[in-house]
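Descriptive structure summary
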Amino acid sequence: MALLSIKGVTVKFSGLTALSDVSFDIEPGRVHAVIGPNGAGKSTLFNVITGYISMTEGEVWFEGQKLNGLRPHTIACRGMRRTFQNGGIFAEMTVLENVLTGLAQVTASSIAGLAVGMPAAYRAEMAAMRRACDLMRLMGISELADRPAKDLSSGQQRLVEITRALATEARLLLLDEPAVGLSVQDRENLMAVLRKLTARGVALLLVEHSIDLVMAISDRIVVLNHGQVIADGEPAEIRTHDAVLEAYLGRN
């Protein structure tokens, strides 16, 4: 069964059709990319999936449950998280503190419980700390734990944001332009991290303009143009697809 199913999604704004009958599935532990020219509907699609925009027609299903009409925080609590192109870390907090904020909703403790010294609250906080440290090791950012997020490079900040999203035990991560502004080395590091995540069964859906990265890491690619799916296939198919070459990739 698909982890996420997009079924006939259409979005209209005051007569303008931003998405038209978009359908595709996402499987666990795989990387799916959405590409297309500016204005193709990629951001609108992300916003529909995560509950920030209501669809005019269609359905979105996650782990067999329909998401239509649910608020973003409700969808997030079900195991789907997203990042944003302009980032979303807490600049004044350390890396560790940023990751711990992602664990807040799955940590069974409270300030009151800690204040009065409840053992259960203390154990929950220690478990959250261990989980945060495990995740930072997985993502290769353990040495940054005590550094303020504002002092990190763009690539390091991106890894912190992804780590925080993963801390919620998300089974699907939606990554909006994860490679924007990154150096070649940072992109290589990012791809290595994303491969680690899929090896652990996490599914990834990414919007990305770096075609080299998309082709290198994706299992499947959906191409949008004017709000419609013009291609859906493996990277090798997309590279030579006539409609994609015409609308987006161009011909050599």
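First things first, this report covers the structure right here in the doc. (Residues numbered from 1 in each chain as written. Predicted model: local features only at pLDDT ≥ 70, side-chain atom pairs only at ≥ 80, totals over all residues. Heavy atoms only, no water.)

1. So, the overall build of the protein
The helix and strand tally for the protein stands at 10 helices and 10 strands. Counting over 252 residues, the protein shows a buried share of 47%. When contacts within the protein are restricted to residue pairs at least 6 apart in sequence, those whose partners lie at least 24 apart make up 65%. Accessible surface, the protein: about 12,000 Å² in total, of which carbon and sulfur atoms supply 50%. (Helix = DSSP H or I, 4+ residues; strand = E, 2+ residues; numbered from the N terminus. Buried < 20%, exposed > 50% of the residue type's maximum accessible area, 1.4 Å probe, protein only. Contact = heavy atoms within 4.5 Å. Areas by Shrake-Rupley, 256 points an atom, 1.4 Å probe, with all protein chains shown as cover.)

2. Structural notes on helix H7 (residues 184–199)
The end-to-end C-alpha separation of H7 is 23 Å, in line with the 22 Å expected for 16 residues at 1.5 Å each. Taken as a whole, H7 has its buried residues at Leu190, Met191, Val193, Leu194, Leu197 and Thr198. Projected down its long axis, H7 carries its buried residues within an arc of 165°, all on one side. Those residues of H7 that are exposed and aimed more than 90 degrees away from the buried face are Val184, Gln185 and Ala199. Of the residues trailing H7, Gly201 is marked for its positive phi of about 95°. (Expected span 1.5 Å × (residues − 1). Arc of directions from axis to C-beta.)

3. Here's the deal with the sheet that holds strand S6 (residues 80–82)
Taking strand neighbours across the sheet as the criterion, the 6 strands line up as S6-S7-S8-S3-S9-S10 in an open arrangement whose pairing is mixed. On the outer flanks of this sheet lie S6 and strand S10 (228–233), each paired with one strand and no other. Here the average twist between neighbouring strands, direction ignored, is 15°. Relative to strand S7 (residues 172–176), S6 runs parallel, the two being bridged by 3 bridges. In the strand pairing of S7, Arg81 is matched with Leu173. Where H7 meets the sheet, it contacts strand S3 (31–35), S7 and strand S8 (203–207), and its direction lies at approximately 145° from that of S8. (Pairing = 2+ DSSP bridges. Axes fitted to C-alpha atoms, helices over the stretch in contact; angles between N-to-C directions.)

4. Brief notes about the environment of Phe84
Within the element layout of this structure, Phe84 appears in the loop between S6 and helix H3 (95–103). A relative accessible area of 31% means that Phe84 is categorised as partly exposed. Considered as a pair, Phe84 and Ser43 are 41 residues apart in the sequence and their alpha carbons are 9.9 Å apart. Sequence-distant contacts of Phe84, that is, excluding residues within four places in its chain, are made with Tyr52, Glu161 and Asp176.

5. Observations concerning the pattern of salt bridges
In this structure the tally under the stated criterion is 7 salt bridges. Glu59 is the partner of Lys66 in a salt bridge, and the nearest nitrogen-oxygen pair spans 3.4 Å. Look at Glu59 and you get partly exposed, because its relative accessible area is 27%. One salt bridge in this structure joins Arg220 and Asp232, with 2.9 Å as the shortest N-O distance. Highlighted residues: Arg220 in strand S9 (residues 220–225) and Asp232 in strand S10, separated in sequence by 12 residues. With a relative accessible area of 32%, Asp232 lands in the partly exposed category. (Salt bridge = Lys/Arg side-chain N within 4 Å of Asp/Glu carboxyl O.)

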